[in-house]
Amino acid sequence: MSGEEEVVLHGMWASPYAKRVEIALRLKGIPYQYVEEDLLNGKSEALLRHNPVHQKVPVLVHNGKPVIESCIILEYIDETWKSSGHALLPQEDTYRRARVRFWADFIQRQVVFEKFVLTITALGEAREEAIKELRKNMELLEEGLRANFFPEGIPQHHFDDQKNVRFLDITMCAFFGLHKAQSEFVRTTEIIDLQRTPLVFSWVESLKEVPVVKEVLPPHDEVVNLLRGFRQNAVGSSPQV
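Cut-offs used in this document
- Chains are numbered independently. Their residues run from 1 in the order of the written sequence.
- This being a predicted model, a pLDDT of at least 70 is required before a residue's local features are given, and a value of 80 or more before pairs of side-chain atoms are given or counted; all residues contribute to the totals for chains, interfaces and linings.
- Where side-chain values are given, they derive from all heavy atoms of the structure, hydrogens and water being excluded.
- Simply put, an axis is a line fit to the C-alpha atoms, just over the touching stretch for a helix, and the angle between two N-to-C directions goes from 0 to 180 degrees.
- A run of H or I in DSSP becomes a helix once it reaches four residues, and a run of E becomes a strand once it reaches two; helices and strands are each numbered from the N terminus.
- Orientation categories follow fixed angle ranges, with anything under 35 degrees roughly parallel, anything over 145 roughly antiparallel, 65 to 115 roughly perpendicular, and all other angles oblique.
- Here a residue-residue contact requires only that any non-hydrogen atoms of the pair lie within 4.5 Å.
- For this classification, Asp, Glu, Lys and Arg are treated as charged, while Ala, Val, Leu, Ile, Met, Phe, Trp, Tyr, Cys and Pro are nonpolar and the rest, including Gly, are polar.
- Multiply 1.5 Å by the residue count of a helix minus one, and that product is the helix's expected span.
- When accessible area is computed with a 1.4 Å probe and restricted to protein chains, residues below 20% of their type maximum are described as buried, those above 50% as exposed, and intermediate ones as partly exposed.
- Note on aromatic pairs: the rings of Phe, Tyr and Trp (six-membered ring only in Trp) are paired at centre separations within 6.5 Å, and the planes decide the class, stacked below 30 degrees, edge-to-face beyond 60, tilted for the rest.
- Criterion for a disulfide: a pair of cysteine sulfur atoms within 2.5 Å.

Caption draft 1: Structural detail: the packing of helix H4 (residues 94-121) against helix H10 (residues 220-235). For the pair H4 and H10, interaxial distance at closest approach is 8 Å and the crossing angle is 70°. Classified by the angle their axes make, H4 and H10 are roughly perpendicular. Residues Phe-116, Thr-119, Ile-120 and Thr-121 of H4 form the contact with H10, whose own contacting residues are Leu-227, Phe-230, Arg-231, Ala-234 and Val-235. Its residues placed into classes, the contact of H4 with H10 shows six nonpolar, two polar and one charged.

Caption draft 2: Inspection of helix H5 (residues 124-148) at higher detail. Taking 1.5 Å per residue, 25 residues should reach 36 Å; H5 reaches 36 Å between its end C-alpha atoms and fits that length. All of the buried residues along H5 are Arg-127, Ala-130, Ile-131, Leu-134, Asn-137, Met-138, Leu-141, Glu-142, Gly-144 and Leu-145.

Caption draft 3: Looking closely at the environment of Glu-114. Tracing the sequence through the fold places Glu-114 in helix H4. On the basis of relative accessible area, Glu-114 is assigned to the partly exposed category, the value being 36%. C-alpha of Glu-114 to C-alpha of Glu-205: the two residues are 91 residues apart in sequence and 24 Å apart in space.

Caption draft 4: Inspection of the packing of aromatic side chains at higher detail. Counted by the stated rule, this structure contains five aromatic pairs. Aromatic pair Tyr-17 and Phe-175: ring centres 5.1 Å apart, planes at 80°, arrangement edge-to-face. Linking Tyr-17 in helix H1 (residues 16-28) with Phe-175 in helix H6 (residues 167-176), this pair joins segments that are 158 residues apart in sequence. Among the residues examined, Phe-175 registers a relative accessible area of 3% and is labelled buried. Here the aromatic rings of Trp-103 and Phe-106 are separated by 5.3 Å at their centres, their planes lie at 65°, and the arrangement is edge-to-face. Placement of the pair is Trp-103 and Phe-106 together in helix H4, with a separation of three residues, close to one helical turn. One aromatic cluster is present, built from ring pairs that chain together Phe-102, Trp-103 and Phe-106.

Caption draft 5: View of the state of the cysteines. In the structure shown here, the tally under the stated rule is zero disulfides. Free of any disulfide, Cys-71 has its nearest cysteine sulfur in Cys-173, 13 Å distant. On the accessibility criterion, Cys-71 (23% relative accessible area) is partly exposed. Given a relative accessible area of 0%, Cys-173 falls into the buried group.

Pasting the structure below:
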């Protein structure tokens, strides 16, 4: 990257979407300025200007030009800074690239957005159903990852070389790196279960030891408190919290 280039990331300390952009930037060795957004008490004028449609983080601003949506940002980073020597997506194998994109999207949409969010906002039977569906989707994820990527499990010391941390791995650790906090909040189930999802569990635990990931993941207790606050805001004074 030349000295004239400017990279600014608008994020929020607990957002897994922003965290995966941070991890990608650090893996690529891209210098950037980080702007913390207070999404609850007032978004910055810059965030609203750069992302007027969704008004959400993350937003990557490269030389004054905004890029939004974390998956799109990751691909933009990969295509813009090819000279880093650390490819996030498979370069030659287009079928493998398609599989990586599919399972990253499955994690974001089917596991996190559609199911985990309901365990926060729903009550009673609706919440129990959301937990049941979350377990089912985690088992589907386990089967899909094993069939497509690691049939024999994660090789020992696989992530000792940070160049092995790529697009799907970034998504895994950004969304599941805090699974213990998520499970503590949900209480009735483990988000990642060593018995039901051993590959996902070992994959995530291995990634959490990568220095770049350690630097980026937020503190456990603060995430639990944040999730508890979201839950209270969603259900109000209902006794079924």
